[in-house]
Every structure is written in structure tokens, then in C-alpha cells.
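Listed here are the chains, written in short residue letters.
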Amino acid sequence: MKVLLFGTCLVDTFFPEAGEATVRLLRRFGAEPVFPKGQTCCGQPAFNAGFEAQARAAAKHFLWEFDGDDPIVTPSGSCAAMVKHHYPRLFRDDPSLLAKAVRAGERIYELTQFLVHVAKAHEAGLRGKGTITYHASCHLTRSLGVREEPLTLLSSLKGAIFLPMPDAARCCGFGGTFMAKLPEISCALADEKAASIEATGADTVTGCDSGCLMNITDAMRRRGTRIRVAHIAQLLAEGL
Amino acid sequence: MSHEQTSLAFRENTVRALKDSPLRAAMRHATDTFGTKRADAFAPLADLEALRDRASAIRDDVLANLPMYVDRFVASATRAGATVHRAKDASEAREIVARVLSERGARLVVKGKSMVSEEVDLNSHLEAAGMEVVETDLGEYIIQMEGESPSHIIVPAIHKNRRQVGRLFADRLGVPYTDDPQALTKIARKALREKFLSADAGVSGANFAVADTGSLVLVTNEGNGRMVTTVPKLHVAILSVEKMLPSLADLPAFLRLLPRSATGQTMTSYVSVITGPRKAGDATGAKELHIVLLDNGRTEILSGESRDILKCIRCGACMNVCPVYRAVGGHPYGWTYPGPMGIVLTTLLTGMRKSHPLVDASTLCGACVEVCPVRVPLADLILGLRRRKVREGFSDPRERRGMEAFGKAAAKPALFSLGQRLAGAFWPLVRALGGKDVAGRMPVPAKTPLRRRLP
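Analysis parameters
Residues numbered from 1 in each chain as written. Chains lettered and ligands numbered in written order. Predicted model: local features only at pLDDT ≥ 70, side-chain atom pairs only at ≥ 80, totals over all residues. Helix = DSSP H or I, 4+ residues; strand = E, 2+ residues; numbered from the N terminus. Rg over C-alpha atoms; globule rule 2.2 N^0.38 Å. Buried ≥ 20, exposed ≤ 12 C-beta atoms within 10 Å, placed from the backbone. Contact = placed C-beta atoms within 7 Å. Pairing = 2+ DSSP bridges. Expected span 1.5 Å × (residues − 1).

Enquirer: What am I meant to see in the overall build of chain B here?
Expert: Scanning chain B from N- to C-terminus turns up 23 helices and ten strands. Over its C-alpha atoms chain B spans a radius of gyration of 25 Å, differing by no more than 12% from the 23 Å that the globule rule assigns to 455 residues. In terms of principal-axis extent, the alpha carbons of chain B reach across some 90 × 55 × 45 Å. Here chain B holds 455 residues, and 49% of them are scored as buried.

Enquirer: Just checking my understanding: could you explain the environment of Met267 of chain B for this structure?
Expert: Residue and element names in this part refer to chain B. Among the structural elements, Met267 can be located in the loop between helix 12 (251-262) and strand 9 (270-274). As a C-alpha pair, Met267 and Gly393 span 126 residues in sequence and 46 Å in three-dimensional space. The contacts of Met267, once residues within four sequence positions are left out, are Leu255 and Pro259.

Enquirer: Where do I start with unusual backbone geometry in this structure?
Expert: Working note: non-glycine residues mostly have negative phi, and peptide bonds are mostly trans. At Thr8 of chain A, a position not held by glycine, the phi torsion is positive, near 80°. On the secondary structure map, Thr8 of chain A appears in the loop between strand 1 (2-5) and helix 1 (9-13). For Thr8 of chain A, a count of 28 C-beta atoms within 10 Å translates into the label buried. At Arg375 of chain B, a residue that is not glycine, the phi angle is positive and equals roughly 55°. As for its position among the elements, Arg375 of chain B is in the loop between helix 18 (367-371) and helix 19 (378-391).

Enquirer: Mind showing me how you'd approach the sheet that holds strand 5 (residues 208-210) of chain B here?
Expert: The strands making up a sheet are joined through hydrogen bonds of the backbone, oriented either antiparallel or parallel. Strand order in the open sheet formed by four strands is 8-5-6-9 (chain B), and the pairing between neighbours is mixed. In this open sheet, the two edge strands, each paired with only one partner strand, are strand 8 (244-245) and strand 9 of chain B.

Enquirer: I'm lost on helix 16 (residues 339-350) of chain B in this one. Help?
Expert: Two residues of an α-helix separated by three or four positions point the same way, owing to the 3.6 residues in each turn. Residues and elements named next belong to chain B. A rise of 1.5 Å per residue sets the reference length of helix 16, with its twelve residues, at 16 Å; its end C-alpha atoms lie 16 Å apart and thus fit the reference within 8%. Within helix 16, eleven of the twelve residues are buried, leaving the element largely enclosed by the surrounding structure. All of the buried residues in helix 16 are Gly339, Pro340, Met341, Gly342, Ile343, Val344, Leu345, Thr346, Thr347, Leu348 and Leu349. In this fold, the buried residues of helix 16 make contact with helix 13 (298-302), helix 14 (317-321), helix 15 (323-328), helix 17 (352-355), helix 18 and helix 19. Just past helix 16, the residue Gly351 takes up positive phi, approximately 95°.

Okay, structure coming up:
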């Protein structure tokens, strides 16, 4: 099955390893990932900051790059939620783009959704190691409604122990441009998240959104905590 | 005392709040407690989602027909013997209340908790007119003594711990220091009892106004609300127009949702339904009842894209779960209403010019949307206000330039790639050029981005 891989601007620019891990996982489960070379960003930074025209320009480009009927897979709950829930709003006055936007929303999968519902990766006996805890990112959980899939995958890892985090779905304080506009609160929230992670005693923390993981990594660095932060794609791909 | 709006200094306010460790500990403790109690209170309700749908639909209907319901309420309340006043803005509301009170020679006024009275800054106006105004809700009593404003819409002193309250009471009331909550409550109760018995008038708010019957509904815990509305011979209630419910039959849905959402209680200690003043044969009640219906911009909000905020029933659940509110408390928001609902209401009621930093005071995490009992789409409303902020030219010029560049690059892959490479090459410079808060917290861009690693 051909799938279109949307890397997301953050993974593309800062965390290409998470993108490569996504490719390995998709191939392992029989999908043929294709990376449309012209892809850029879903437009969320502009959309969330109120710059609708710029968000629409990005979204229009996305719809062009990801046109067709193939499933779209992305290692980000937040970007998937943007396409699914906000694209229709951006094109509400443009019937032909609106139809494409709605269709893209139906075609897009956040990585763990695809791995559980289409690839049945949780039944493949993937290996893992050490102790793992999980941060449930906001848009993934509350906007996209993906709550169980990452847990299903993580608890299926043979040889790894999953340790639940208290208040796992509480915001880490990233919030896109929020981290730039109100850095003091952003750091305070990341600190609190880091403390929750430390309290689990896990040696690795994972999640489905690079923005949050980046913010958490920074808090860990400030606190001098030596806990590995890894995107869920990387953790799962290590067990192939 | 009067409080100037400080919403424009939101960031500075939060920096101060973040350094206040007693405040942060109190906020964490209180919001966690409310969160747990709320979840426990809702757990046995099998029909919660249907109940939320019903309450949401009732509020939608009220907003769709607000002028009709308000007229109906005015007619019913008048028939029941109340005098209803319409106030188009804060100053009219203050003047009406002050006039009603002073015409009847009121000197001592006891007050029940009312955020609308905070919105119109009623106390300072009445005090300027020579009246003594005593807040009788325990939290309000504490912050009035401290000269503060409420930092939460239902738990006004949420930011204080019991030791701070103990020291305040010892200083101001001359009682021996104690930080035992029961002892502190007894001290307040004794002081307040004398005020209730000698007050010339009671001023209250209302949680709901029932259009069919002209009734005011007060949902309270401490009993002070009932004292304020029944002991003095004169009762003045002040409430905003959108608090209408069509009929008493609509009330139960809200009586189930409001206390559970607010404090995690299955029901409050008191629910008062007040229909007109005391009638011949009634054992209690004020002899004279005046109701002030405040518009203060609501009619305008009703016709705009943010109208859904008027569905809000003031439970405070959105602030209890908001990570930003939870970290800094209510005062940094700089006006009457804090937290997610406060971001929206403050911006709409006081104008973008006085409040625009507030619309960025959200991570858009959606926790508020998840708990709102009447399904106010708070995250969407905040996004809408961000678009308005950009449209009206209140966004930072650097952000505007950055976003314009982003819009161009996002639609042109070659430009996007170039930007990516430049960011990588000049990252130390990006950090040095004032990007330390942001770029300093991000990793260095990868030497080879994903797009050049894949076939």
C-alpha cells in the first residue's frame, strides 16, 4: 500500500531521525512510504497565531502536494489535527478546496493510529528495553482523540516496562508560538512536566509530537535530568 | 477599592506570579483538588454527555432569543413585585444601585458574591457615596480585607493559604493568630453576623434568571447569600442579561452540572429561588426587591463571532484545568474574569486595545473545552480573537514580518529549503539575535534535513 509521508517541518528540520524511523516502521508493515518532495509545513504556526492568510497559503500548498487518494501518515498528532479539524475552516468559502480539505482530513493518520488500526503493529511482537513513560500531547489526545493507540503499542513491546505518568495529558507548555510569547510560563509548565516524568522513575520518555518532546528535552537539560527523550517512532523502530 | 485593568502587562504580571511560591503552591493544591473532586462527582453520571448536550441546547436557545427572554423576565419579575432596571453599561449600573440604596438611606450594605458587581466596580462607587460595603462570602471577605480583587470567579481567595489568612485576621481583626480553617471561619462568621443584623440593604448577584416566573436563582454554599437576600429589608440584585433560563423546568440540568463542574459537589448547601419581594404571610424575604440587568456590551457580543462565550454559566471549571491559570493564578489577567473564559470575556468587554496580550495566554491545549459543561468552544473562540488581533493590527511587528515570510516560504518549497539551510548555518546567530528564549531552547537544526535523507 502506498502511503504519503508528511514529515512535518519540525521533524524535517530538527528531528530527521524520527522521520527515518517512521519510514522504517511503515516499510516493515508492508506500506510503501513516499515523501512528496515539495512538502513544507501544515500551516499551524500561522493558524494558531491568527495569521489566517498565511495559514491558508501553507494549507493550500499541502493540499496540492498531498493530492490524491492515498493515505497520509504523519509522526505528529498536532499536525494531523490541524489538517483534520482546521483545514475545513480555512477553506469554508472555497467549495473545491473545501472538498479536498475534507478528503485530506479523512485520509490523514497520525503514525500510531496507522500502526494500530491499519498495520496492527501491536500484534507484531516488537522488542523494547528498559522502562518507558509516555507524555500524551494535547492535540493528539483532545483534538484527534488518540488516547489508547500509543499505549497499546508501548505496552506491546517485549522486554520493556511501561510506567504510566501522573497527569500524562497535562500540557507541557510548548504551545507552538506560546513558547516564544510567554517563555516564563512555558518553562514553568515544562518544569512541572519534567518533574512528573522524573517521578515515574522511567529511563525513557516518549510521545507522538516533536514540539512537546523538544520542550521537555529543554526542561530536562535545565534540570540536569538524565532521562532519554525519544519520539515514539524511534522507540518502536529500534525494536524492529 | 478600585482596581485598574492591567491586562496589557500580562507577561510582566505572570513573571511576578511565577516567583510567588506560596501562590503557586496554593494554586496547585486547589486546582488539583477541584480536578479530582470534579472527576469523582461526574463519574456516577451515566448521562453526562446527554446532560451537557441538553444544557448546551438550552443556552443556545436563550442566546438565539435573548431579547424575548429578557422582556419576558422583566414582565414576570415586575408582576411578582420586583422593580427591574436596565443598565446599558457599567456606569449606569453603578448609578442605579447607588441611587436605589441612597434614596432609602442605606449606610451599611452587605454583599453576596457577585462577579458582575466586580465587573462594574460597584464597591468603590458605593464607598465613594459614603456607604460601608461588606463582602460576606468568606473568600470575598478575605480579599476585601486584603484590598485585593478575586483571583477566581467562584473561589476568590484561591491564591491564599490558611497561614496568610490567619495572619491577616490577626492583624486586621485583632484576634489571636490561628491557621485552623474552622477557627478562621468562626471568626469571620461572628464578625459578619453583626453586619447582617444591622445592614440596611443586601446586594447580591444571581446564577440564573428564570424568564417565565421572574425568579432569581442563587446557588451557594455558605448561607451568606440567603442572609444577604432575606435579612435586610432591601435587596438589590445585579446580574448580566445572558443569565436567562426559559423556565424552571430548565433549571435541574444546570443544578446538576454547575456544582459538579465548579467545586465537584453533587449539590450545593443552598439553592435559593427568589420570586419577587416578601408577600403578606411570608416568613422571610426582603420587603423591597430591585433587579439591575446589565448589558455592558453583551448585545454587541451576541451579534458577533464570539457569541458562544455568552453560554458560559460561570462554573470556573475551565480555569481549574487551564495550565496557564494553574501556574499563575487569576490576578495576572488584570481584570475581573481570569482563565480561558476570562481571556474571551475580557477581550470582548474591555476591547482589544486594553487586553490584546491575553489572547496569547493559552497553549490551546483544549483542557477547557473538555470540561466545559455547556460546550463553549473556548479554544476556537481564542483562535477567533487571535485572528481579530492580527486584523486590528495589535500583533507584534516582528511576529507579523516573520509570519509573512513563513506564508511565502510555506507555499514555495525552494524557499522553504533555503530557509531551512540558512537556519542551520546561522543558528548561533539566530540565538544571539534575541532568539535566546526560543532558539536557545531548541536543538540545532539537523545537518541533513529529512527531505535530503529520503529518496
